[in-house]
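Spelled out from the first residue to the last, the chains are:
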Amino acid sequence: MGIRIPGRHNTNCRCTDERVEMALDGALSRKEQERFLQEVKLCAYCSEKYEREKSFKQFLCNKVSRKALSPSFINSLKEKIGKQPGHGRFIN
Amino acid sequence: MQENGNKADDVFNEEFLPHGDALLTFAYHLTYDEAQAEDLVQETFMKAWRFIDSYQRGTNAKAWLFKILKNAFINDYRKKAKRPHSVDYEDFLAYHDSEDSSYKDLDTNNEVFQGMMGDEVTKALNDLPVNFKTVILLCDIEGFTYEEMSAIIGIRIGTIRSRLHRARNMLKDALQGYAANLGYTEKEH
Ligand SMILES: [Zn+2]
């Protein structure tokens, strides 16, 4: 695997690690996001970090197992709810 | 009453039930137990039904349901965790949640993880302390915004950000350990 040598942080770059994560989490305004994406291209360190964090987020999204409710669970839930007072009979 | 009943049924079917699978996924990762996860989802839907009049149609049903589920889980968790001599978990969290802590990056090479199976990743995630895996599940798996997460968990956005950052680092660290143990890579020195 070897040792990864990270790119250098451009001295004019205003990106921070925190901002990289915010950009990936959709926490920047549209204008901030556009500016970030322009700026990040100019800095080897930040563009590398951005790509690395993006691929980690994607990796989690793909690998973490998902569950689905079974039809029998949903039927029994509706039955239980139908027996609750307050909202009349539960209509499917 | 019947009309109100029908409206409530519509809200339940159209706005609540579609989030059932996401709720079950969240509950499963919180409990790491299929039966407990189903119980938690059932409890969530029963509560949502009971308080359906306080839900405003067309607002954020998913965040509302996740908040109910998370609170139900925390209540159960606190009951079970009340053991003598156990580590005070809230103190642990307060220590690790400090917002002004510097943003340190755990420099990992993601290629190391790519060969890992979903089960291994799930296991590594489930081994994280509950409040750390919660933010990863809400943000990276369910795509909630920081504002929504802040409302669901009941903590400030600044704390969400720092907790998320720490949680990701903890998970990367754990995954590197798994990858090394499973022979996907040699441990770096
Ligand atoms: Zn930079």
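Residues numbered from 1 in each chain as written. Chains lettered and ligands numbered in written order. Predicted model: local features only at pLDDT ≥ 70, side-chain atom pairs only at ≥ 80, totals over all residues. Heavy atoms only, no water.

Caption draft 1: Seen up close, the pattern of salt bridges. All names here are of chain A. As enumerated under the stated definition, the model contains 17 salt bridges over all chains in all. Residue arginine 52 pairs with glutamate 48 through a salt bridge whose shortest N-O separation is 3.8 Å. With arginine 52 and glutamate 48 both in helix 3 (residues 44-63) and 4 residues apart, this pair spans about one turn of that helix. Since its relative accessible area comes to 26%, glutamate 48 is described here as partly exposed. (Salt bridge = Lys/Arg side-chain N within 4 Å of Asp/Glu carboxyl O. Helix = DSSP H or I, 4+ residues; strand = E, 2+ residues; numbered from the N terminus. Buried < 20%, exposed > 50% of the residue type's maximum accessible area, 1.4 Å probe, protein only.)

Caption draft 2: Inspection of the side chain of glutamate 21 of chain A at higher detail. Along the chain, the position of glutamate 21 of chain A falls in helix 1 (residues 17-24). Only 2.4 Å separates the side chain of glutamate 21 of chain A from the side chain of histidine 165 of chain B, close enough to count as a polar contact. (Polar contact = N/O pair within 3.5 Å; in protein donor to acceptor, adjacent residues only side chain to side chain.)

Caption draft 3: Expanded view of the packing of helix 2 (residues 30-41) of chain A against helix 3 of chain A. All names here are of chain A. Running from amino to carboxyl end, helix 2 crosses helix 3 at an angle of 120°, the nearest separation of the two axes being 7 Å. Taken together, helix 2 and helix 3 sit at an angle that is classed as oblique. Contacts between helix 2 and helix 3 involve Phe36, Leu37 and Val40 from the first element and Cys46, Ser47 and Tyr50 from the second. (Axes fitted to C-alpha atoms, helices over the stretch in contact; angles between N-to-C directions. Parallel < 35°, antiparallel > 145°, perpendicular 65-115°, else oblique. Contact = heavy atoms within 4.5 Å.)

Caption draft 4: Broad picture of the confidence of the model for chain A. Averaged over all residues, the pLDDT of chain A is 84; the fraction at 70 or higher stands at 84%. Within chain A, no element has a lower average pLDDT than helix 3 of chain A, which sits at 91, and none a higher one than helix 4 (residues 71-82) of chain A, at 94. (pLDDT = per-residue confidence, 0-100.)

Caption draft 5: Structural view of the environment of methionine 46 of chain B. Mapped onto the elements, methionine 46 of chain B comes out in helix 3 (residues 34-50). For methionine 46 of chain B, a relative accessible area of 12% translates into the label buried. With residues near it in sequence (within four places) discarded, methionine 46 of chain B still touches Leu77, Lys80, Ile81 and Gln84 of chain A.

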